Amino acid sequence: MSCAVWQAAFVVLASPWYRCRACFRRATPVRYLLIDDAKKVAACVDPAEAHLVLAKAKEEGVQLVAVLTTHHHYDHAGGNEEMTKQVPGIRVYGGRLDNVAACTDPLEHSDKFNIGSIEVCALHTPGHTRGSICYHCYDATDNQGLVFTGDTLFVAGCGRMFESTPEDFHNSLVNVLGALPPETQVYVGHEYTVKNLQFAVAVDAANKDLEQMLGWAQEQKAHTAVSGERVRRK
Ligand SMILES: [Zn+2]
């Protein structure tokens with residue numbers, strides 16, 4: 001997988017069988033475009049700012065065929081209506097229990113569908129909301145899949161528990177997401193890594209691994225800030 005800054009807000013992530021455009025903007029969830037280059041089709045994940053995703057798909061020369069909604073909160077599903085207006089026929093996926101805006105394909109645990117030749121499996125992961133769905137995407141020829149986790153799982157933390165029990169949330173994190181192959185790339189809904197690790201270090205001060213990871217995360221953030229600044233000046 002390669003990773004490079006494309007412009008102030010976008011990062012490109014790639015493997016042999018997919019490309020993923022990620023849009024990071026301060027205080028908003030991360031938006032993703034999952035692209036099958038061979039078939040020139042793409043899915044967007046939580047495109048709450050529809051205009052950004054539409055412009056990016058146009059620039060990439062790909063046809064948007066699906067919206068993957070991780071959960072019903074407005075900062076994730078708020079662009080779904082606009083997407084269906086701008087892209088007639090687009091499929092909008094979301095958890096059956098979540099009442100996702102403009103949903104055309106309500107999902108249960110283990111439901112499967114395709115984005116071009118990319119296979120997608122819905123993982124029902126209640127905890128943050130009752131109907132939260134994580135999307136496990138993979139290719140039959142490559143074991144290294146990826147998963148979009150919305151507000152269920154972040155790097156070094158998880159979302160707030162709004163609509164489920166601690167037992168359900170624990171099961172989602174440990175038994176559902178924890179059962180994915182260890183090589184799985186995780187694409188989270190918000191970038192809270194440093195804050196999560198600062199909290200973890202505060203409650204487990206003797207843990208040297210946490211301290212080391214916090215240093216790494218702070219370093220990564222510094223790189224991103226420097227790159228973004230450089231691009232904005234062009
Ligand atoms: Zn949320």
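None of these values were measured; they are calculated from a predicted model.

*Asks:* Before we move on, can you summarise the packing of aromatic side chains with the specific residues and values?
*Replies:* This model, assessed by the stated rule, comprises 5 aromatic pairs. Ring geometry for Y32 against Y187: centres 5.4 Å apart, planes inclined by 90 degrees, an arrangement best described as edge-to-face. One end of the pair, Y32, is in strand 4 (residues 31-36); the other, Y187, is in strand 15 (residues 185-188), and 155 residues separate them in sequence. On the accessibility criterion, Y32 (5% relative accessible area) is buried. Judged by its relative accessible area of 4%, Y187 falls in the buried class. On the numbers, 3.8 Å between centres and 5 degrees between planes, the contact of Y93 with F113 is stacked.

*Asks:* I'd love a proper account of the coordination of the zinc ion, names of residues and values included.
*Replies:* Tetrahedral coordination by four donors places them ideally at 109.5 degrees to one another around the metal; octahedral coordination by six donors ideally gives 90 or 180 degrees. Only H71 (NE2), H73 (ND1), H128 (NE2) and D151 (OD) from the protein coordinate the zinc ion, and they sit 2.2 to 2.3 Å from it. Around the zinc ion sit 4 donor atoms, and with donor-metal-donor angles ranging over 90 to 172 degrees the site reads as irregular. Ordering the donors of the zinc ion by residue number gives the pattern H-x1-H-x54-H-x22-D. Highlighted residues: H128 in the loop between strand 10 (118-124) and strand 11 (133-139) and D151 in the loop between strand 12 (142-150) and strand 13 (153-154), separated in sequence by 23 residues.

*Asks:* Summarise helix 4 (residues 166-176); cite the residues concerned and give the values.
*Replies:* Among all positions of helix 4, only F169, S172 and V176 are buried. Down the axis of helix 4, the sector holding all buried residues measures 100 degrees, keeping them to one side. Structural note: helix 4 exposes E167 and H170 on the side pointing more than 90 degrees away from its buried face. Elements in contact with the buried residues of helix 4: strand 10 and strand 14 (157-158).

*Asks:* A description of the nonpolar core should follow, citing residues and the corresponding values.
*Replies:* Core analysis: the largest hydrophobic core is formed by 21 residues, its most contacted members being L68, F113, I115, Y135, C137 and F148. For this core, the secondary-structure elements that each account for two or more residues are strand 4, strand 5 (41-45), strand 6 (63-68), strand 9 (112-115), strand 10, strand 11 and strand 12. The residues contacting Y135, other than those within four sequence positions of it, are L68, T69, T70, Y93, G94, L107, F113, V120, C121, L146, V147 and F148.

*Asks:* So what about unusual backbone geometry? Which residues, and what values?
*Replies:* Of note, the phi angle at N99 is positive, near 50 degrees, even though the residue is not glycine. Here N99 shows up in the loop between strand 7 (91-95) and strand 8 (105-107). The class of N99 is exposed, set by a relative accessible area of 72%. If you check the backbone angles, A102 has positive phi at about 60 degrees while not being a glycine. Turning to its location among the elements, A102 is positioned in the loop between strand 7 and strand 8.

*Asks:* Tell me about the pattern of salt bridges, and please be specific about residues and values.
*Replies:* All chains considered together, the criterion is met by 7 salt bridges. In this structure, K40 engages D37 in a salt bridge whose closest nitrogen and oxygen atoms are separated by 3.9 Å. Ionic pairing is found between K208 and E211, a salt bridge with its closest N-O pair at 3.8 Å. In this pair, K208 and E211 are both assigned in helix 6 (residues 208-232), 3 residues apart and thus about one turn of the helix distant. Through salt bridges with shared partners, a single ionic network connects K56, E59 and E60.

*Asks:* Give a description of the environment of A156 that names residues and reports values.
*Replies:* By secondary structure assignment, the location of A156 is in the loop between strand 13 and strand 14. Expressed as a C-alpha distance, the spacing of A156 and Y192, which sit 36 residues apart in the sequence, is 8.3 Å. The residues contacting A156, other than those within four sequence positions of it, are N196 and L197.

*Asks:* Report on helix 1 (residues 50-60), specifying residues and quantitative values.
*Replies:* When we look at burial in helix 1, the residues that qualify are A50, L52, V53, K56, A57 and E60. With its buried residues spanning 160 degrees around the axis, helix 1 presents them on a single face. Facing away from the buried side of helix 1, by more than 90 degrees, are the exposed residues H51, K58 and E59. In the segment just after helix 1, G61 is the residue with positive phi, at about 70 degrees.

*Asks:* An account of the side chain of H190 is requested, with residue identities and associated values reported.
*Replies:* If you trace the backbone, H190 turns up in the loop between strand 15 and helix 5 (193-203). Residue class for H190 comes out buried when judged on its relative accessible area of 6%. Side chain to side chain, H190 and D151 meet in a polar contact 3.3 Å long. A distance of 3.2 Å separates polar atoms of two side chains, one belonging to H190 and the other to Y192.

Rules of the game
Counting starts from 1 at the beginning of each chain's written sequence and moves along it residue by residue. Under the rules for a predicted model, residues below a pLDDT of 70 receive no local features and side-chain atom pairs below 80 are neither given nor counted, while totals for whole chains, interfaces and linings still include all residues. Think of the side-chain values as coming from all heavy atoms in the structure, minus any hydrogens and water. Stacked, edge-to-face and tilted labels apply to pairs of Phe, Tyr and Trp rings (six-membered ring for Trp) whose centres lie within 6.5 Å, assigned for plane angles under 30 degrees, over 60, and everything in between, in that order. The secondary structure listing takes helices from DSSP runs of H or I that are at least 4 residues long and strands from runs of E that are at least 2 residues long, numbered from the N terminus. Relative accessibility decides the category of a residue: with a 1.4 Å probe and only protein chains considered, values under 20% of the type maximum give buried, values over 50% give exposed, and everything between is partly exposed. The rule for donors is simple: an N, O or S atom within 2.8 Å of the metal counts, and for Na, K and Ca the reach is 3.2 Å. Water is not among the atoms, so a site may look short of donors. All geometry calls rest on donor angles, where a four-donor set with angles between 85 and 135 degrees is tetrahedral, four- and six-donor sets with opposite donors more than 155 degrees apart and all others between 65 and 115 are square planar and octahedral, and all else is irregular. When we speak of the arc, we mean the arc of directions from the helix axis to the C-beta atoms. Contact criterion: two residues are considered in contact whenever any of their non-hydrogen atoms come within 4.5 Å of each other. Side-chain atoms within 4.5 Å are what join buried Ala, Val, Leu, Ile, Met, Phe, Trp, Tyr and Cys residues into a set we call a nonpolar core. Salt bridges are identified by distance alone: a Lys or Arg side-chain nitrogen within 4 Å of an Asp or Glu carboxyl oxygen. Residues adjacent in sequence count toward polar contacts only when both atoms are side-chain atoms; beyond that, a polar contact is any pair of N or O atoms within 3.5 Å, and within protein one must be able to donate a hydrogen and the other to accept it.

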